[in-house]
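Remarks on the overall topology
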Amino acid sequence: ELQALNRSKLPAAEQQLAMLEVMKRFGKSLIKQGAALEIDDLSASYKGSKVALKGSFAFKQVVDADFDAPIRLLKKLVARAEIRLPLALLKDVSGQLARRQLAPRSAEPSFENEVADAAESMANVVIGKLVGGGFARVERNELRMAIQFKGVLSTDGQTLSGVFTQG
């Protein structure tokens, strides 16, 4: 169908709209048949540290009417993901934020010490809130978070209330 549209003599704008409709029908068909998106490794590196995501995303028991009600469709999403964030990366980003925040005082002799102290404090607050709240854990010098969505969003078994409810 896409090849036929590609060969058609339709104006480019009409051809693009028609192709989009074909792709939407195809996507809906995949979702209704239970296709899943599996991510083995989605990662990004910064200064030698790598943040990584691994997981799967699928919809369960979708019917045509669900596409007319996005919230109802979203409630049928079943997703899980594991996120790994090296503590070194978190500390490096905290350092960059601290450097920007303290930039007006960059001429002072104590500037680098203040940046280091502020960066450590920021990183510790983030780690403390995530780990202390039960949303993440520290393993092998990484902040790790297991995220699940089955009508309700949870991280490391801790439900984030008020996001969505089963229904």
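What counts as what
Residues numbered from 1 in each chain as written. Predicted model: local features only at pLDDT ≥ 70, side-chain atom pairs only at ≥ 80, totals over all residues. Heavy atoms only, no water. pLDDT = per-residue confidence, 0-100. Contact = heavy atoms within 4.5 Å. Patch = residues over 30% accessible without salt bridge, like charges linked within 9 Å, V, L, I, M, F, W, Y side chains within 5 Å. Areas by Shrake-Rupley, 256 points an atom, 1.4 Å probe, with all protein chains shown as cover. Salt bridge = Lys/Arg side-chain N within 4 Å of Asp/Glu carboxyl O. Helix = DSSP H or I, 4+ residues; strand = E, 2+ residues; numbered from the N terminus. Core = buried A, V, L, I, M, F, W, Y, C linked by side-chain atoms within 4.5 Å. Buried < 20%, exposed > 50% of the residue type's maximum accessible area, 1.4 Å probe, protein only. Polar contact = N/O pair within 3.5 Å; in protein donor to acceptor, adjacent residues only side chain to side chain.

Averaged over all residues, the pLDDT of the protein equals 89, while 96% of them reach at least 70. Throughout residues 162-167 the model reports pLDDT below 50, and contacts reaching past four residues in sequence, or to other chains, amount to 12 contacts.

Our focus in this paragraph is a nonpolar patch on the surface. A cluster of nonpolar side chains, namely Tyr 46, Val 93 and Leu 97, defines an oily patch on the protein surface of about 250 Å² accessible area. Its place among the elements puts Tyr 46 in strand E1 (residues 36-46).

Here the focus is the nonpolar core. In this structure, Leu 87, Leu 90, Ala 123, Ile 127, Ala 136, Leu 143 and Met 145 together form the largest nonpolar core, which totals seven residues. At the level of secondary structure, the elements contributing two or more residues to this core comprise helix H4 (87-101), helix H5 (111-132) and strand E5 (142-150). Discounting chain neighbours no more than four positions away, the residues touching Leu 143 are Ile 83, Arg 84, Leu 85, Leu 87, Leu 90, Leu 130, Val 131, Ala 136, Arg 137 and Val 138.

Relative to the helices and strands, Thr 155 resides in strand E6 (residues 153-155). Judged by relative accessible area, Thr 155 falls into the buried class, the value being 5%. Distance in space between the C-alpha atoms of Thr 155 and Met 145 is 6.3 Å, their sequence separation being 10 residues. Each residue touching Thr 155, except ones within four places of it in the same chain, is listed here: Gly 134, Phe 135, Met 145, Ala 146, Ile 147 and Leu 160. For Thr 155, the side chain forms a polar contact with the main-chain oxygen of Phe 135, separated by 3.4 Å.

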